[in-house]
Amino acid sequence: QVTGASDEALFMDDIRKQLGEMGIAAKLICGKRSTLQGEQQSTHAYSLVAHDLKPEDSLQLQYAGLGEDRQLGCGIFIPYKVISGLSED
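No experiment lies behind these values; they were computed from the predicted model shown. (Residues numbered from 1 in each chain as written. Predicted model: local features only at pLDDT ≥ 70, side-chain atom pairs only at ≥ 80, totals over all residues. Heavy atoms only, no water.)

**Student:** I would appreciate a short explanation of the overall build of the protein in the present structure.
**Tutor:** The helix and strand inventory of the protein stands at two helices and three strands. Listing every helix and strand of the protein by position from the N terminus yields β-α-β-β-α. Of all 89 residues assigned to the protein, the portion counted as buried reaches 27%. Put simply, 53% of the contacts in the protein that link residues at least 6 apart link residues at least 24 apart. Carbon and sulfur atoms make up 50% of the accessible area of the protein, which totals about 6,400 Å². (Helix = DSSP H or I, 4+ residues; strand = E, 2+ residues; numbered from the N terminus. Buried < 20%, exposed > 50% of the residue type's maximum accessible area, 1.4 Å probe, protein only. Contact = heavy atoms within 4.5 Å. Areas by Shrake-Rupley, 256 points an atom, 1.4 Å probe, with all protein chains shown as cover.)

This is the structure in structure tokens:
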């Protein structure tokens, strides 16, 4: 889950800006929005897949994360699987 704006378009614009500032080129798939309820406030978050990254960009993203609230476990990326460069041969 990556926290950010409650509007998906604004959220994606912000994520693209953050990636650009980090010098990371990636394709993104935005998933379902959820609301995380804290003691004093609620926070909006989306599931997010970043794919077609260079290996060094993947490591940088896993190290730095995205969005706010990483202290709550949000915006943390883990490697999943390779989804590009596959052929049916």
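**Student:** Got a minute to help me understand the pairing of strand β2 (residues 27–37) in this structure?
**Tutor:** Walk down a regular strand and you will see the side chains alternate between the two sheet faces. Both β2 and strand β3 (residues 42–51) contribute to a ladder of nine bridges, which runs antiparallel. Its bridge partner lying in β3, K27 is registered against H51. In textbook terms, the turn of a hairpin is the stretch between consecutive antiparallel strands, and for β2 and β3 this stretch comprises four residues. (Pairing = 2+ DSSP bridges.)

**Student:** What is the right way to read the environment of L19 from this model?
**Tutor:** Its location among the elements puts L19 in helix α1 (residues 8–22). A C-alpha to C-alpha distance of 8.5 Å links L19 and L61, two positions 42 residues apart in sequence. Setting aside residues no more than four positions away along its own chain, L19 makes contact with I24, A26, L28, L61 and L66.

**Student:** Explain the sheet that holds β2 here, please?
**Tutor:** Sheet strands pair by backbone hydrogen bonding; their relative direction is either parallel or antiparallel. With antiparallel pairing, the three strands of this open sheet are ordered in space as β1-β3-β2. In this open sheet, the two strands that pair with only one neighbour each are β1 (2–3) and β2. Set on the sheet, α1 makes contact with β1, β2 and β3; between it and β2 the angle comes to about 120°. (Axes fitted to C-alpha atoms, helices over the stretch in contact; angles between N-to-C directions.)

**Student:** How should I be thinking about α1 in this particular structure?
**Tutor:** Side chains of residues three or four places apart in an α-helix project in the same direction, reflecting 3.6 residues per turn. Under the 1.5 Å per step criterion, the end-to-end length of α1 is 21 Å for 15 residues, consistent within 8% with the ideal 21 Å. Listed in full, the buried residues belonging to α1 are F11, M12, I15, Q18 and L19. Angularly, the buried residues of α1 cover 120° about the axis, an arc narrow enough to put them on a single face. Facing away from the buried side of α1 by over 90 degrees, the exposed positions are L10, K17, G20 and E21. (Expected span 1.5 Å × (residues − 1). Arc of directions from axis to C-beta.)

**Student:** Is there a simple way to think about the side chain of Q18 in this case?
**Tutor:** Relative to the elements of secondary structure, Q18 occurs in helix α1. Of note is the side chain of Q18, whose polar atom sits 2.9 Å from the backbone nitrogen of G67. In contact with Q18, other than residues within four places in its own chain, are L66 and G67. (Polar contact = N/O pair within 3.5 Å; in protein donor to acceptor, adjacent residues only side chain to side chain.)

**Student:** Just to check I follow, could you spell out the nonpolar core for this structure?
**Tutor:** Soluble, globular proteins show a tendency: their nonpolar side chains are buried together. If you look at the biggest cluster of nonpolar residues, it comprises 13 residues, and the most contacted ones within it are V2, F11, I15, L48, L61, L66 and F77. Looking at this core, the elements with two or more residues in it are α1 and β3. Of the residues forming this core, the biggest block, four residues, is contributed by α1. What F77 contacts, discounting residues up to four positions off in sequence, is V2, L48, A50, L61, Q62, G65 and L66. (Core = buried A, V, L, I, M, F, W, Y, C linked by side-chain atoms within 4.5 Å.)

Spatial relationships are all this shows, so hold off on functional conclusions.
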